[in-house]
Structure formats: C-alpha cells, structure tokens
Amino acid sequence: GDSVTQTEGQVALSEEDFLTIHCNYSASGYPALFWYVQYPGEGPQFLFRASRDKEKGSSRGFEATYDKGTTSFHLRKASVQESDSAVYYCALGDLGGSSGNKLIFGIGTLLSVKP
Amino acid sequence: NSKVIQTPRYLVKGQGQKAKMRCIPEKGHPVVFWYQQNKNNEFKFLINFQNQEVLQQIDMTEKRFSAECPSNSPCSLEIQSSEAGDSALYLCASSLPGYEQYFGPGTRLTVL
C-alpha cells in the first residue's frame, strides 16, 4: 500500500540554522503531498501542499518541492526560530479519489530549536 | 487557529465502558474524518463522511466503533466497549471535497 517515510526522527538545531527534513513516498497513483505541524496539546496544523510534479508549496518560511522522479517532498527552511519547535509530519492523499482523500502520515520529525 | 471543535478534550473510561466524543466541523466543510493518533505519534484513519454518508471505514471501526454525522448536529465517534489499547488521541478533521484537511485539537481518551 501507499506509504510515507521520514528519515529523521529528531532534529536539534540552533536559531538561524538551516532546516531539512526528508520525506519520501511510495504510491501507486499520483498523490497530493502535504506537510503538517503539530504543537504539544494541539491537533496537526496544515502547512501547505503540492499536487503535481515540480510544484512548490510554501508557508511561514517553510517550503518543499514535489519531485515525482525521486518520490520526495523534503521540507526546508532557511533560518529556524525557537517557535518552530514542534513535530512535523509529511502526508499523502488522493485528492481526486472517491474515498474522500484519507491521509497517510509519516512517523513525524521532532524539531527542537535552541535559542 | 483550528475551527474544528472537539469535545470533550479529555475522556477517562474503565475497560468495557462506552466512550463517546463529538466533533463540529469547520463551517461549510462537508467532508469529516476521524483518525486515531497513538502514543508513538502514529496516525490511523478510522472513518470519513461526506455530509451524512460514510465514504470509507476500516474494519476495526465496523466492529466496536460507531460513528455518525447527522445533519444539523455534531458528528460523533463512539467506542462501544473500551479496551486499554484504545487509549489514544482521537482527531477529527474536516475539508472541502478534494482539498486539505483541517484538524481539531483532539479528544484524549484514557482507558484504565
């Protein structure tokens, strides 16, 4: 079945460091890809999505580019802040499917940013 | 900030008891999802609706779990006979058809 792999379980950075969280997917069709962020005690918040090859999604300084060739959607941010500390999830879904687009999530990456 | 409302935020039940949680989707969103997030942060899709109709549900949901989204009332997810393994964060999300999902804060269920 479809799946999402996030290779980093935890990332520890200092403020103003560059962030990369790797996300690779496996899907039989042509899924949409998403990034969500979850803060303690809250539900996941939608960051952005991309629906086609080479499309770039972005929000709040984070960005990722859909790469069908390498089946990847890596999250990047040029300069992290302490307030970015949270768990980040890559997810895939079938926006055009008849089953209502359930999301398949990666295991999540805990980002800790030191001031 | 999330516009999906979930109640209660915390729920404590004994094994074998019923557990019921509710969700009010974001206004104008006809598609509603329920997910279970365990202590390892793994998500499991349970069921989804479009308006009042079930679109898809997993086998587990068909046995001890029941859910509905009546018109003009909150959606609900009920576990008929809670088990320790059901302890988790239950997340409700809503969306427009074919668009991204917006999540509520969740109901944290603890089964003693």
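Residues numbered from 1 in each chain as written. Chains lettered and ligands numbered in written order. Predicted model: local features only at pLDDT ≥ 70, side-chain atom pairs only at ≥ 80, totals over all residues. Heavy atoms only, no water.

Structural notes on the interface of chain B and chain A
Rule in force here: The contact criterion used throughout is that any non-hydrogen atoms of two residues lie within 4.5 Å. Once two parts are put together, the accessible area they lose, assessed with a 1.4 Å probe and summed over both, is termed the buried area. Any carboxyl oxygen of Asp or Glu that lies within 4 Å of a side-chain nitrogen of Lys or Arg is treated as forming a salt bridge with it. Pairing of N or O atoms within 3.5 Å defines a polar contact, subject to two protein rules: one partner must be a possible hydrogen donor and the other a possible acceptor, and residues neighboring in sequence count only if both atoms are side-chain atoms. By the criteria applied, helices consist of DSSP H or I runs no shorter than four residues and strands consist of E runs no shorter than two, each listed in order from the N terminus. When residues are sorted by character, Ala, Val, Leu, Ile, Met, Phe, Trp, Tyr, Cys and Pro go into the nonpolar class, Asp, Glu, Lys and Arg into the charged class, and all the rest, Gly among them, into the polar class.
Contacts between the two partners involve 23 residues from chain B and, on the opposite side, 19 residues from chain A. Carbon and sulfur atoms supply 55% of the area that chain B and chain A bury against each other, a total of about 1,700 Å² over both sides. It is Phe43(B), Glu100(B) and Phe103(B) that lose the most area in chain B upon contact with chain A, and together they represent 28% of the buried surface on that side. For the interface between chain B and chain A, the tally reads one salt bridge. A salt bridge links Arg49(A) to Glu100(B); its shortest N-O distance comes to 3.1 Å. The tally of links between chain B and chain A comes to seven residue pairs in polar contact (both at pLDDT 80 or more). Elements represented by at least two residues in the side of chain B that touches chain A include exactly β4 (31-37), β5 (43-50), β6 (53-57), β9 (88-95) and β10 (102-103) of chain B. With four residues, the single largest contributor to the side of chain B that touches chain A is β4(B). Across the side of chain B that touches chain A, the residue classes break down as twelve nonpolar, eight polar and three charged.

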